[in-house]
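Architecture at a glance
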Amino acid sequence: MERLKKLMALSRSSNVHEAAAAMERATQLMREHQITEDDLVLSNVTECNTNFAWGAKVNPTQYQIWLWSMIQDVFGVESAFTAYDGRVTFYGLSSRAEMAAYTCDVLSRQLKRARADFLKSQNKRLKRQTKISRADNFAEGWIVAVRSKAQSMMVSQEEKTLMLTYAKRKWGQMETMSGRPAQEARGTSEAFGSGYREGKNANLHRPMSAQEQLAIEGRAA
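Please read these numbers as outputs of a predicted model, since none were measured by experiment.

**Digging into the pattern of salt bridges**
Summed over the entire model, instances satisfying the criterion amount to 5 salt bridges. Between Glu159 and Arg96 there is a salt bridge; the shortest N-O distance is 2.2 Å. Here Arg96 lies in helix α5 (residues 96–120) and Glu159 lies in helix α7 (residues 157–171), a separation of 63 residues in the sequence. Here Arg115 ties to Asp136 by a salt bridge, and the two come within 2.8 Å at their closest N and O atoms. In this pair, Arg115 is assigned in helix α5 and Asp136 in helix α6 (residues 128–149), connecting sequence segments 21 residues apart. Judged by its relative accessible area of 12%, Asp136 is buried.

See below:
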């Protein structure tokens, strides 16, 4: 594939003879290896799996879906959730899928820790369902705060179509997931607010390239 890409680049050379020779060789290679033009274009899409796995491996929560959706927008990628695995696969052009997966791992761990700390702070005499409802609302507030700091990457319609074609070829017909929303209970509005305030402190703890800075703090590359 890499050799073909170089040949296709040469086929656009201003040197007519060089361009013709490169196109002829590229056509020959594609025929020999049964590679179509679509295969060549789709080879530009890369994917990367997250290392972090959530406990909900069949029906994710709404705040998980929000997290993945936010990362998709920030890095200009798409994602696929694998049931019974609890992990997410990000896919897109260039190295953006890898950066998205890394960011997802970091923010997922921060969110899980923040939610667990919030649960511990709740009165032990509260019903378990009430505490869970508050914790889920806390998590949703946390995500909303992080999203408010991030900028979305502009993606062309051509790239969107490319990723859609890639997904159909790789996974077939995919379902859109909305996730389980946080339940209402006494004190959930306050919990959402607490999560929002806590989410304002979310960050990545390693040097980032100019492009990666899109992930957090709303700074453009």
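**So, the packing of helix α1 (residues 2–10) against helix α2 (residues 16–32)**
One way to put it is that α1 packs onto α2 with a least axis distance of 7 Å and a crossing angle of 150 degrees. Taken together, the axis directions place α1 and α2 in an arrangement best described as roughly antiparallel. Crossing of α1 against α2: the hand is left-handed. Facing Arg3, Leu4, Leu7, Met8 and Leu10 of α1, the residues of α2 in contact are Glu18, Ala19, Ala22, Met23, Arg25, Ala26, Leu29 and Met30. Residues of the contact of α1 with α2, tallied by class, amount to 10 nonpolar, no polar and 3 charged.

Analysis parameters
- Residues numbered from 1 in each chain as written.
- Predicted model: local features only at pLDDT ≥ 70, side-chain atom pairs only at ≥ 80, totals over all residues.
- Heavy atoms only, no water.
- Salt bridge = Lys/Arg side-chain N within 4 Å of Asp/Glu carboxyl O.
- Helix = DSSP H or I, 4+ residues; strand = E, 2+ residues; numbered from the N terminus.
- Buried < 20%, exposed > 50% of the residue type's maximum accessible area, 1.4 Å probe, protein only.
- Axes fitted to C-alpha atoms, helices over the stretch in contact; angles between N-to-C directions.
- Parallel < 35°, antiparallel > 145°, perpendicular 65-115°, else oblique.
- Left-handed = near helix turned anticlockwise from the far one by under 90°.
- Contact = heavy atoms within 4.5 Å.
- Nonpolar A, V, L, I, M, F, W, Y, C, P; charged D, E, K, R; others polar.

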